[in-house]
Amino acid sequence: MRVLLTGSAGFIGSAVDRALDAVGHEVVRVDALLPTAHRDPTPDEGTHVVDVRDADGWRGLMEGADVVCHQAAVVGAGVTTADLPLYAAHNDLGTAALLAAATEAGVDRVVLASSMVVYGEGAYACAEHGRLVPPARTPEALAIGDFDVRCPHCARPVASLLVDEDAALAPRNAYAASKVAQEHYSLAWARQTGAAVVALRYHNVYGAGMPRDTPYSGVAAMFRSSLERGEPPRVFEDGQQRRDFVHVDDVARANLLAATAVAAAAPGTFRAFNVASGHPVTVAEVAALVARGAEHPLAPEVTGEYRLGDVRHVVASPARATAELGFRAEVAPTAGLPAFATAPLRG
Ligand SMILES: NC(=O)c1ccc[n+]([C@@H]2O[C@H](COP(=O)([O-])OP(=O)(O)OC[C@H]3O[C@@H](n4cnc5c(N)ncnc54)[C@H](O)[C@@H]3O)[C@@H](O)[C@H]2O)c1
Ligand SMILES: [Zn+2]
């Protein structure tokens, strides 16, 4: 297949590039090499330095592509409302421009990099009141170290469940809103034009090539940086927050499977999949696993610090991706996170 890959110079895009190339697909690489993502914006040979929003930039590039694999995005949390236009510009408008260019070039198959952030909070159930959408944790509760999510009816702590793809979308920041928007543009485009889209909702991705110390790099990278400075990893809240850490090589394989699946999908379809390891871990466990692999291991420190708006638990079921794409993560967090402690990072 000929695959047009956007964000090909990024952390995940480079891994997808290698996975596609390894099985003989032809890859057309597109990346704007944003200075916020690349300290050294010198393009590799074969990278087309194009901003996905630039209609003229697309000329000729889409020709003959069987599938577009859209990884390009501005990533991170979107801390203040001042970030809203940035995410909307690159992610919302970028996706809209890409879909328009695809139709113009006769390309009607897209794999979209989405994220677990589209869900907002994870799924919960109270022993007495069943499944529920809990209210946000209050600043007062967090201030006294009461980190549990509580049932709005009986105030008891609720159990964290696996989120499936039919869960309601509830973005909580500019970045999350832009990932939902990318999905919605793609869904509308598929319906409108008879195209087909597979959206992959990655959970916490980690592995070699991850950016070092950007304000937005994930918690595993933060723990690693602390250890490299000779400091213990600092774990927020009580460390019992549940997450799913999925290795970048598994994410790349999921993209490969998705590209094949979308090429054969029925016209007018949009299908979302969780891409997760299927082995939930607590943030305290993540810190301990990264520390275990460090050159100079140090026991993590649980600090009780917190950030308003942080999600307590979000863990997913990868069952749909297994059933429909044949995806199963191969790297368990117990092996991948210690190895990540010394894996090469991007500058
Ligand atoms: N890293 C994670 O844990 C994670 C989790 C969920 C989803 N995702 C999604 O995966 C995708 C890849 O993320 P990543 O972690 O590799 O980030 P990254 O910053 O390493 O890569 C993104 C790439 O996109 C490029 N880019 C951004 N805007 C562009 C534009 N307008 N035109 C062309 N190129 C542009 C950047 O230059 C960069 O190379 C994103 O869509 C992101 O939302 C990442
Ligand atoms: Zn209850």
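Cut-offs used in this document
- Residues numbered from 1 in each chain as written.
- Chains lettered and ligands numbered in written order.
- Predicted model: local features only at pLDDT ≥ 70, side-chain atom pairs only at ≥ 80, totals over all residues.
- Heavy atoms only, no water.
- Helix = DSSP H or I, 4+ residues; strand = E, 2+ residues; numbered from the N terminus.
- Expected span 1.5 Å × (residues − 1).
- Buried < 20%, exposed > 50% of the residue type's maximum accessible area, 1.4 Å probe, protein only.
- Pairing = 2+ DSSP bridges.
- Contact = heavy atoms within 4.5 Å.
- Axes fitted to C-alpha atoms, helices over the stretch in contact; angles between N-to-C directions.
- Phe/Tyr/Trp six-rings, centres within 6.5 Å; stacked < 30°, edge-to-face > 60°.
- Lys NZ or Arg CZ within 6 Å of the ring centre and 35° of its normal.
- Donors = N, O, S within 2.8 Å, 3.2 Å for Na, K, Ca; no water.
- Tetrahedral: all angles 85-135°; square planar, octahedral: opposite > 155°, others 65-115°.

Attention shifts here to helix 6 (residues 248–263). Over its 16 residues, helix 6 extends 23 Å from the first C-alpha to the last, a length consistent with the 22 Å expected when each residue adds 1.5 Å. Of the positions making up helix 6, those classed as buried are Val248, Asp250, Val251, Ala252, Ala254, Asn255, Leu256, Ala258, Ala259 and Val262.

Before going further, it helps to examine the sheet that holds strand 3 (residues 47–48). Here seven strands make up an open sheet; going across it, the order is 3-2-1-4-5-9-14 and the pairing parallel. Pairing within the sheet leaves two strands with one partner each, and these edge strands are strand 3 and strand 14 (269–275). Relative to strand 9 (residues 196–202), strand 5 (residues 109–115) runs parallel, the two being bridged by seven bridges. Opposite Ser114, over in strand 9, you have Arg201 as the bridge partner. Lying over the sheet, helix 6 contacts strand 4 (67–70), strand 5, strand 9 and strand 14, oriented at roughly 165 degrees with respect to strand 9.

Quick look at the side chain of Ser178 now. Looking at where Ser178 falls in the secondary structure, it is placed in helix 4 (residues 174–193). Residue class for Ser178 comes out buried when judged on its relative accessible area of 1%. Ser178 has contacts with Tyr87, Asn91 and Asp92, leaving out every residue within four places of it along the chain.

Burial along strand 4 is two-sided: the face carrying Val67 and Cys69 and the face carrying Val68 and His70 are both buried. Of the pairings in the sheet, the one linking strand 1 (residues 2–6) to strand 4 comprises four bridges and is parallel in character. Paired with Val3 across the bridge in strand 4 is Val67. Taken together, the three bridges between strand 4 and strand 5 define a ladder with parallel strand orientation. Residue pairing across strands places Cys69 opposite Val111, the latter belonging to strand 5.

Before going further, it helps to examine the packing of aromatic side chains. Applying the stated criterion to the full structure yields four aromatic pairs. Aromatic side chains Tyr206 and Phe340 sit 6.0 Å apart centroid to centroid with 80 degrees between the ring planes, which places their arrangement in the edge-to-face category. Of this pair, Tyr206 sits in strand 10 (residues 204–206) while Phe340 sits in helix 9 (residues 333–340), and the two are 134 residues apart along the sequence. Residue classification places Tyr206 among the buried positions, given a relative accessible area of 0%. One aromatic cluster in this structure is built from Tyr206, Phe245 and Phe340. Taking NZ or CZ as reference, Arg224 lies 5.7 Å from the ring centre of Phe340, over its face.

On to the pairing of strand 8 (residues 159–163). Pairing analysis gives three bridges linking strand 6 (residues 123–126) to strand 8, with the strands arranged antiparallel. Directly across from Tyr124, in strand 8, lies its bridge partner Ser160. Direction of pairing for strand 8 relative to strand 17 (residues 315–316): parallel, over a ladder of two bridges. Within strand 17, the residue paired with Val163 across the bridge is Ala316.

Glancing now at the environment of His38. Among the secondary structure elements, His38 is positioned in the loop between strand 2 (26–30) and strand 3. Distance in space between the C-alpha atoms of His38 and Arg137 is 36 Å, their sequence separation being 99 residues. Not counting residues up to four positions away in its chain, the partners in contact with His38 are Ala9, Gly10, Asp31, Leu33 and Arg346.

Looking at the zinc ion (ligand 2), one finds its protein donor set to be Cys126 (SG), His129 (ND1), Cys151 (SG) and Cys154 (SG), positioned 2.2 to 2.3 Å from the metal centre. One can describe the donor arrangement at the zinc ion (ligand 2) as tetrahedral, given that its four donor atoms subtend angles of 106 to 115 degrees at the metal. Written as a sequence motif, the donor residues of the zinc ion (ligand 2) are C-x2-H-x21-C-x2-C.

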